[in-house]
Amino acid sequence: MLILGIESSCDDTAAAVVEDGVRILSNVISSQNAFHQKYGGIVPEIASRKHVELILYVIEEALNKAGITLADPEAIAVTYKPGLVGSLLVGISAAKAIAYCYHKPLIGVNHIEAHAYANFMEHPDLEVPHLNLTVSGGHTLLFYVKSPTEQELLGGTLDDAVGEAYDKIAKFLNLGFPGGPIIDRLAKKGDPKAINFPRPLLNSGDYNFSFSGLKTAVTYYVKEAREQGKEIREEDLLASFQQAAIEVLVVKLLKAGEEKQVFTLTLSGGVAANSLLRKTLSEKGAEQGLKVVYPRLELCTDNAAIIAGLGYHLFKKGERSGLELSAIANLEF
Ligand code: KG4
Ligand code: ZN
């Protein structure tokens, strides 16, 4: 069964065709990074205008690459939350128009649940229940996953998402946008023990996270060093920041795994592309007898294949959205 997926929640305009929830026939993504780069972050107004310009081309390319026409998909799945309202509305409007004109069912998909679902696409025999850590530019969430469509939220960040901390630190240091991949690359050349940054909520005894204080600690450290005329090796600073951020994620995820008595841990979201997170979690997980899985990079960051993939399972469950489907900015579980 073919599902056309559409994603426009943030700054990527994406469309994909997926068969039976796992087989990707096409996965087209038009990144707007170049347009937001000079602002050091996403400008919502620019994002929605670019989505309007790009959405039809992206959908057309996804259909062409899959070798199908708009008449072929069984249903249209589209991200409706969470995200930038103006951006979400572009994808939703396109999906509604197709659904209406071609008499197709419309399925609203939660972007965050789709990130977690990426692991089922990559590993169709993925064990349940398992724990999933979704780490992106907007979210840091820990889920107890019972099936592709059933996730229980255990905890999340109380302030900045981990990807946001990466992006804000990169902006502060004028490194470019998005900051995650840049810091990941530069940190490899640094000493992670050079500076002992705080590990927020490491031993809080719950499943929550906080990254705003860590981000501030990094910026204060730089400001103070500059005032004192002290030279800092940027690679050491970044490696030390990354060590602190990733250590908190890994330690808390492993502890949650033990407490919830699961044997599999999964990662998703843009920060799941982080090399230190993947490596450390895999190593420490193996020591604890836990299996650690994550999707290929293309399925970690924003894309529409995960929307079409999860859309298939929602469709099979009988879930349908009416043409009144609208954008929701926040995550509402
Ligand atoms: O899931 P995603 O593509 O979009 C959101 O829904 O937010 O995640 C984007 C986030 C950005 O904050 C970016 O800096 C971060 O993922 N990111 C990384 C890496 N690659 C992307 N963070 C750390 N290390 C990486 N290698
Ligand atoms: Zn995302």
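All residue numbers refer to positions counted from 1 along the written sequence of the respective chain. Lettering for chains starts from A, numbering for ligands starts from 1, and both go in the order in which the items are written. Side-chain atom pairs in this predicted model are given and counted only at pLDDT of 80 or more, local residue features only at pLDDT of at least 70, and totals for whole chains, interfaces and linings cover all residues. To get the side-chain values, all heavy atoms of the structure are used, and hydrogens and water are removed first.

K.L.:
Mind laying out the nonpolar core, listing which residues take part and the relevant values?
P.N.:
Grouped together as the largest cluster of nonpolar side chains are 48 residues, with contacts concentrated most on F241, L249 and L265. Contributing elements (two or more residues each) for this core: β6 (130–135), β7 (140–147), α5 (162–172), α6 (179–187), α7 (212–227), α8 (234–260), β9 (264–268) and α9 (275–287). In DSSP terms, a helix is any run of H or I states spanning at least four residues, a strand is any run of E spanning at least two, and both are numbered starting from the N terminus. No other element matches α8, which puts 13 residues into this core. When near neighbours in sequence (up to four residues on either side) are disregarded, L265 contacts L131, L253, L254, G257, L281, L290, K291, V292 and V293. Buried residues of nine kinds, namely Ala, Val, Leu, Ile, Met, Phe, Trp, Tyr and Cys, make up a nonpolar core once their side-chain atoms join them within 4.5 Å. For every residue, the accessible area obtained with a 1.4 Å probe (protein chains only) is divided by the maximum for its type, and the residue is called buried under 20%, exposed over 50%, and partly exposed between those limits. One finds A14, F120, A308 and L314 within the second-largest nonpolar core, a separate group that totals 29 residues. Contacts were defined at the residue level, with two residues in contact if any of their heavy atoms lie within 4.5 Å.

K.L.:
Now, about the pairing of strand β3 (residues 23–31): what can you tell me, with residues and values included?
P.N.:
For two strands to be treated as a pair, DSSP must find at least two bridges joining them. Note that strand β2 (residues 12–19) and β3 share 8 bridges and pair antiparallel. Residue pairing for β3: E19 is matched across the bridge by R23. Counting the residues that bridge the hairpin from β2 to β3 gives 3 residues, and of these D20 lies at a positive phi of roughly 50°.

K.L.:
Tell me about helix α4 (residues 111–122), residues and numbers included.
P.N.:
Under the 1.5 Å per step criterion, the end-to-end length of α4 is 17 Å for 12 residues, consistent within 8% with the ideal 16 Å. Of all 12 residues in α4, 11 are buried; the element is thus mostly enclosed. Among the residues of α4, those classed as buried are H111, I112, E113, A114, H115, A116, Y117, A118, N119, F120 and M121. The span one expects for a helix is its residue count, reduced by one, times 1.5 Å.

K.L.:
Can you break down unusual backbone geometry residue by residue, with the values?
P.N.:
Note the cis peptide between V128 and P129, where omega equals -5°. For P129, the location among the structural elements is in the loop between α4 and β6. Note the cis peptide between F177 and P178, where omega equals -5°. Here P178 lies in the loop between α5 and α6. Backbone geometry places L201, a non-glycine residue, at a positive phi of 55°. Structurally, the position occupied by L201 is in the loop between α6 and α7. Unlike most non-glycine residues, Q261 shows phi in positive territory, near 55°. With respect to the helices and strands, the residue Q261 is situated in the loop between α8 and β9.

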